[in-house]
Amino acid sequence: FWILIETRSVFATGMVAGIYLVFTAAFGFWLGSIVDHNPKKLAMMGSSAVSAGFYTLSLAMVLLEPEGAFTDPYGGYLWVFVFLVMLGVIAGNIRSIALPTLVTVLIPEDRRDKANGLVGMVSGIGFLTTSVISGFLVAWGGMLATLVLALCLTLLAFVHLHFVRIDEKRAVAEPGVPEEPKRVDIRGTIAVIAAVPGLFALIFFATFNNFLGGIFMALLDAYGLSLVSVQVWGLLFGVLSTAFIASGLIIARTGLGKNPLRTLLLVNLTTWSVCCVFTIQPSIWLLAAGC
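The structure contained in this document is the topic of the report that follows. (Residues numbered from 1 in each chain as written. Predicted model: local features only at pLDDT ≥ 70, side-chain atom pairs only at ≥ 80, totals over all residues. Heavy atoms only, no water.)

**Regarding the nonpolar core**
- Counting 47 residues, the largest nonpolar core has W2, F81, V82 and W233 as its most contacted members.
- Among the elements of the structure, α1 (2-7), α2 (10-37), α3 (40-63), α4 (76-106), α5 (112-162), α7 (199-225), α8 (230-240) and α11 (284-290) are those that each provide at least two residues to this core.
- The biggest single contributor to this core is α4, with twelve residues.
- Aside from chain neighbours lying at most four places away, what touches W233 is F1, L220, D221, G224, L225, V228, I284 and L287. (Core = buried A, V, L, I, M, F, W, Y, C linked by side-chain atoms within 4.5 Å. Buried < 20%, exposed > 50% of the residue type's maximum accessible area, 1.4 Å probe, protein only. Helix = DSSP H or I, 4+ residues; strand = E, 2+ residues; numbered from the N terminus. Contact = heavy atoms within 4.5 Å.)

Given below as structure tokens:
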């Protein structure tokens, strides 16, 4: 929403959402391959280091900004900046990919759904914290303050990971058998997916769902900031993120039931139904209830 405040352009927010989603799709196989072929701790530490590098370059661009460069939605300086920030964010996705695999590595199979519920709860706490902070931080110090905090926390995550011990048993190749090459194996990935009944259908379902997510990314900040101040918007998202925490706690306690796919479909039907009506009137209360 900093982009919207600077440029007053919904085109710009839509482009940011599009760049993020295209980058996520384009780098997905490669990032997954990095997690697959390396120790998870090393992959996550590398993720933090690369993110820190891109955030440092982004911070330098903010400090060296020519006057008014960030207010032009068609200016090259702005989009180089967005490109660098997005690369930092995408590098951070390695942690998101590695985390569920660590649940598989560390937690017995009959407790993994509940463990993933706790992961969701922690993610919700992070979302609450960053939502509230970002609203006030953007209003107070703009992107300079935001990047400084992001860089400090990214470095803190790197240091913390250094002291975390993960006993990860990795497969060792038998003598005389050549080790599998460390490359992006798209054909092998597709074969693995095809071997799991219904997984392709679930992926296409998620892809369709992501169209909705893309619309939210492009328009939600613009709509919300047309109704309230940036501080209130950040605070509102902080309050709403308690739903992530609550749902994580529920899943941690009850699991996903005997038919997780049915649960997923029912939740999505609810989501789609709400999205049909929650912006029918320009009301912040209706928007909050819908979210």
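**Focus: a nonpolar patch on the surface**
- A cluster of nonpolar side chains, contributed by L63, L64, L144 and V148, occupies part of the molecular surface with about 390 Å² of accessible area.
- Structurally, the position occupied by L144 is in helix α5. (Patch = residues over 30% accessible without salt bridge, like charges linked within 9 Å, V, L, I, M, F, W, Y side chains within 5 Å. Areas by Shrake-Rupley, 256 points an atom, 1.4 Å probe, with all protein chains shown as cover. Salt bridge = Lys/Arg side-chain N within 4 Å of Asp/Glu carboxyl O.)

**Things to note about the state of the cysteines**
- Applying the stated rule across the entire model yields zero disulfides.
- Left unpaired, C275 is separated from the closest cysteine sulfur, that of C276, by 7.3 Å.
- Note on C275: relative accessible area 23%, which makes it partly exposed. (Disulfide = S-S within 2.5 Å.)

**Some words on the environment of F1**
- Of note, F1 is situated in the segment before α1.
- Residue classification places F1 among the partly exposed residues on the basis of a relative accessible area of 23%.
- Note: C-alpha distance between F1 and M217 (216 residues apart in sequence) is 9.9 Å.
- If near-sequence neighbours (up to four positions away) are discounted, F1 is found in contact with S134, G135, V138, D221, L225, V230 and W233.

**Some thoughts on α8**
- Of the residues making up α8, those classed as buried are V230, W233, G234, L236, F237 and G238.
- The inward-facing, buried residues of α8 abut α1, α5, α7, α9 (242-254) and α11.

**A short note on the packing of aromatic side chains**
- In the structure shown here, the tally under the stated rule is nine aromatic pairs.
- Ring geometry for F23 and F27: centres 5.8 Å apart, planes at 85°, overall edge-to-face. Residue F23 and its partner F27 are located together in helix α2, separated by four residues, close to a single helical turn.
- Take F27: its relative accessible area is 25%, and that puts it in the partly exposed class. (Phe/Tyr/Trp six-rings, centres within 6.5 Å; stacked < 30°, edge-to-face > 60°.)

Without other data, these values stay purely geometric and don't point to any function.
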